[in-house]
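Observations on the three-dimensional arrangement
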Protein chains: 2
Amino acid sequence: MRLSEKKITASLKRHGYKLTPQRRAVIGAIASSPDHLTTTALYQKVRQDHPAIGLVTVYRTLDILARLELICELHAGGSCRSYTIAAPGHHHHLICADCGEVIDFSGHYLTELEARLCRETGFEIEGHLLEFIGRCQDCQRAT
Amino acid sequence: MRLSEKKITASLKRHGYKLTPQRRAVIGAIASSPDHLTTTALYQKVRQDHPAIGLVTVYRTLDILARLELICELHAGGSCRSYTIAAPGHHHHLICADCGEVIDFSGHYLTELEARLCRETGFEIEGHLLEFIGRCQDCQRAT
DNA sequence: GCTCTAAATGAAAATTATTATCATTTATAT
DNA sequence: ATATAAATGATAATAATTTTCATTTAGAGC
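Residues numbered from 1 in each chain as written. Chains lettered and ligands numbered in written order. Predicted model: local features only at pLDDT ≥ 70, side-chain atom pairs only at ≥ 80, totals over all residues. Heavy atoms only, no water.

1. Concerning the overall build of chain A
Selection rule: Secondary structure elements follow DSSP: runs of H or I no shorter than four residues count as helices, runs of E no shorter than two count as strands, and numbering proceeds from the N terminus. Note on exposure labels: buried denotes an accessible area under 20% of the residue type's maximum, exposed denotes more than 50%, and partly exposed covers the range between, all computed with a 1.4 Å probe on protein chains only. Contacts: residue pairs with any heavy atoms within 4.5 Å of one another. Note on areas: Shrake-Rupley with a 1.4 Å probe; residue coverage comes only from the protein chains shown.
Scanning chain A from terminus to terminus reveals six helices and six strands. Ordering the α and β elements of chain A from the N terminus gives α-α-β-α-α-β-β-β-β-α-β-α. Counting over 143 residues, chain A shows a buried share of 45%. Here the contacts in chain A between residues at least 6 apart in sequence split such that 53% fall between residues at least 24 apart. Of the roughly 7900 Å² of accessible surface on chain A, a fraction of 50% belongs to carbon and sulfur atoms.

2. Digging into the environment of Leu55 of chain B
Residues and elements named next belong to chain B. The topology assignment puts Leu55 in helix H4 (residues 55–67). It is 7.8 Å that separates the C-alpha atoms of Leu55 and Thr40, two residues lying 15 residues apart in sequence. Beyond its immediate sequence surroundings of up to four residues, Leu55 is in contact with Thr39 and Tyr43.

3. Some remarks on the protein's contact with DNA strand C
Inclusion rule: We call a residue near a given molecule or strand whenever any one of its heavy atoms falls within 4 Å of it. The definition of a polar contact used here is a pair of N or O atoms within 3.5 Å, where within protein one atom must be able to donate a hydrogen and the other to accept one, and adjacent residues in sequence count solely through side-chain atom pairs. Any residue outside Ala, Val, Leu, Ile, Met, Phe, Trp, Tyr, Cys, Pro, Asp, Glu, Lys and Arg is labelled polar, Gly included; the first ten of those are nonpolar and the last four are charged.
As a structural note, the neighbourhood of DNA strand C is formed by 19 residues, with Tyr59 of chain A together with Thr20, Gln22, Thr57 and Arg60 of chain B the closest of them. Each atom of DNA strand C within 4 Å of the protein was classed as base or backbone; sugar and phosphate made up 70%. One of the side-chain nitrogen or oxygen atoms of Tyr59 of chain A is found 2.6 Å away from a phosphate oxygen of DNA strand C. With respect to DNA strand C, the side chain of Lys18 of chain B contributes an N or O atom lying 3.4 Å from a base nitrogen. Those elements that provide at least two residues to the surface near DNA strand C are helix H4 (55–67) of chain A together with helix H2 (21–31) and H4 of chain B. No other element matches H4 of chain B, which puts three residues into the surface near DNA strand C. Residues belonging to the surface near DNA strand C are distributed by class as follows: eight nonpolar, five polar and six charged.

4. Concerning the sheet that holds strand S3 (residues 82–85) of chain A
Residue and element names in this part refer to chain A. Rules: At least two bridges found by DSSP between two strands are what make those strands a pair.
If you walk across this open sheet you meet the three strands as S1-S3-S2, and the pairing is antiparallel. The sheet is open, and its two borders are formed by strand S1 (37–38) and strand S2 (71–74), each paired with just one other strand. Pairing analysis gives two bridges linking S1 to S3, with the strands arranged antiparallel. The partner of Leu37 across the bridge, within S3, is Tyr83.

5. What to know about the protein's contact with DNA strand D
The immediate surroundings of DNA strand D are formed by 20 residues, with Thr20, Gln22, Thr57 and Arg60 of chain A together with Tyr59 of chain B found nearest. Considering DNA strand D, the proportion of its atoms within 4 Å of the protein that are sugar or phosphate atoms stands at 70%. Take Lys18 of chain A: an N or O atom from its side chain is 3.4 Å from a base nitrogen of DNA strand D. Here a phosphate oxygen of DNA strand D and a side-chain polar atom of Thr20 of chain A are 2.6 Å apart. Breaking the surface near DNA strand D down by element, the ones donating at least two residues are helix H2 (21–31) and H4 of chain A together with H4 of chain B. Along the lines of polarity and charge, the residues of the surface near DNA strand D split into eight nonpolar, five polar and seven charged.

6. Some thoughts on the side chain of Arg23 of chain B
Residue and element names in this part refer to chain B. Applied cut-off: When charges are counted, Lys and Arg are positive and Asp and Glu negative, with His and the chain ends excluded. Each reported salt bridge corresponds to a side-chain nitrogen of Lys or Arg within 4 Å of a carboxyl oxygen of Asp or Glu.
Relative to the assigned elements, Arg23 resides in helix H2. As a buried residue without a salt bridge, Arg23 has its nearest oppositely charged side chain in Asp63, at a separation of 9.7 Å. Apart from the residues lying within four places of it in its own chain, the contact partners of Arg23 are Leu12, Tyr17, Lys18, Thr61 and Ile64.

7. Structural notes on the pattern of salt bridges
Residues and elements named next belong to chain A. Scanning the model with the defined rule gives two salt bridges over all chains in all. For Asp63, the salt bridge goes to Arg67, with nearest N and O atoms at 3.2 Å. Placement of both Asp63 and Arg67 in helix H4 is noted, with a separation of four residues, approximately one turn of the helix. Residue class for Asp63 comes out partly exposed when judged on its relative accessible area of 34%.

8. Overview of the sheet that holds strand S1 (residues 37–38) of chain B
All names here are of chain B. In space, the three strands of this open sheet follow the order S1-S3-S2, with antiparallel pairing throughout. Across the chains shown, the open sheet's two edge strands, defined by having one partner strand only, are S1 and strand S2 (71–74). As paired strands, S2 and strand S3 (residues 82–85) are joined by four bridges and run antiparallel to one another. Within S3, the residue paired with Glu73 across the bridge is Tyr83.

9. Side note on the packing of helix H1 (residues 5–14) of chain B against H2 of chain B
Residue and element names in this part refer to chain B. Under the convention used in this document: The axes are straight lines fitted to the C-alpha atoms, using for helices just the contacting stretch, and the angles between their N-to-C directions are given from 0 to 180°. Crossings are sorted by hand: turned counterclockwise from the far helix by less than a right angle, the near helix makes the crossing left-handed, and turned clockwise it makes it right-handed.
Packing of H1 against H2 leaves a shortest axis separation of 10 Å and a crossing angle of 145 degrees. Once H1 is placed against H2, the crossing between them reads as right-handed. Between H1 and H2, the contacting residues are Glu5, Ile8, Thr9 and Leu12 on the first element and Arg23, Ile27, Gly28 and Ala31 on the second.

10. With respect to helix H3 (residues 39–49) of chain A
Along an α-helix, a turn takes 3.6 residues, which lines up residues three or four apart on a common side. Residues and elements named next belong to chain A. The condition that has to hold: By construction, the arc corresponds to the directions joining the helix axis to the C-beta atoms.
Looking only at H3, the buried set comprises Thr39, Leu42, Tyr43 and Val46. For H3, the buried positions fall inside an angular range of 105 degrees around the axis, keeping them on one side. In the core, the buried residues of H3 are packed alongside H2, S1, H4 and S3.

What follows is the structure, given as structure tokens:
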């Protein structure tokens, strides 16, 4: 279950951040897209509603949202970093190596492994990222 | 089991790439480090033996090696991209959120999940990346 | 070993992504 | 309504990566 826009703004306020129109616009843009978007893509999307917004503000907002774990940051091939609304505890992606499509899937397959790694390495594990790389149906056909 | 330097150079030749001293130096540097290194870190390491090498050549070599899947590319927090010798089929990392230490661990925990995802989504899965984010023992103590 | 040629290199410039600075504006507690 | 700390946007700075291009070189063929 993805976080709602309302929960996100509530969490921002709870943490003492002001709720500016710019922040609302960024949250709106990210919440209304099912996909992972890069900072630049998001900037362009936000500007449709809010032409005066600065790229820097988008960066700053994403930074805050990611710290609060309200959005999910994904690092992948080439030009790094993209974001999507967080689905708490789930960071499971299926990424198409050709077209870059990202599908999220849910599941808690890793609890046991996580416990074992804690024991064996002394790491304190905070989260995980599981990505499968492959080719989506469309790109398979396109070959 | 990590790929040996010899296997890497053999694969390069097999694919029609020339074996230049620069490429040997980059391969040597990456093979002799147990850690993930960023391009810049690697550049500095290579320059100890080969002071005249250009940063561009390091980029180019890493690019080729990554394409041939002879090294493993890791995208993680902040200043992206680091590399280590590939251990075919294993892309399992334990990353410290504080100091950035990366520990590789082995295991084949995902085969079953992978099969299920193929069935359900029609993706053709080529590989995966499993990262646990947490804090290593040193950084836990440092708090 | 010597020659030739396509491939590789390195210097420099160009792009792109991200972060810092700072004067101005604004959300919100009072 | 007002005061003020926080947020914004323009600009500049930094960092990471890629492109360009003239020069050099690995290695195939003799």
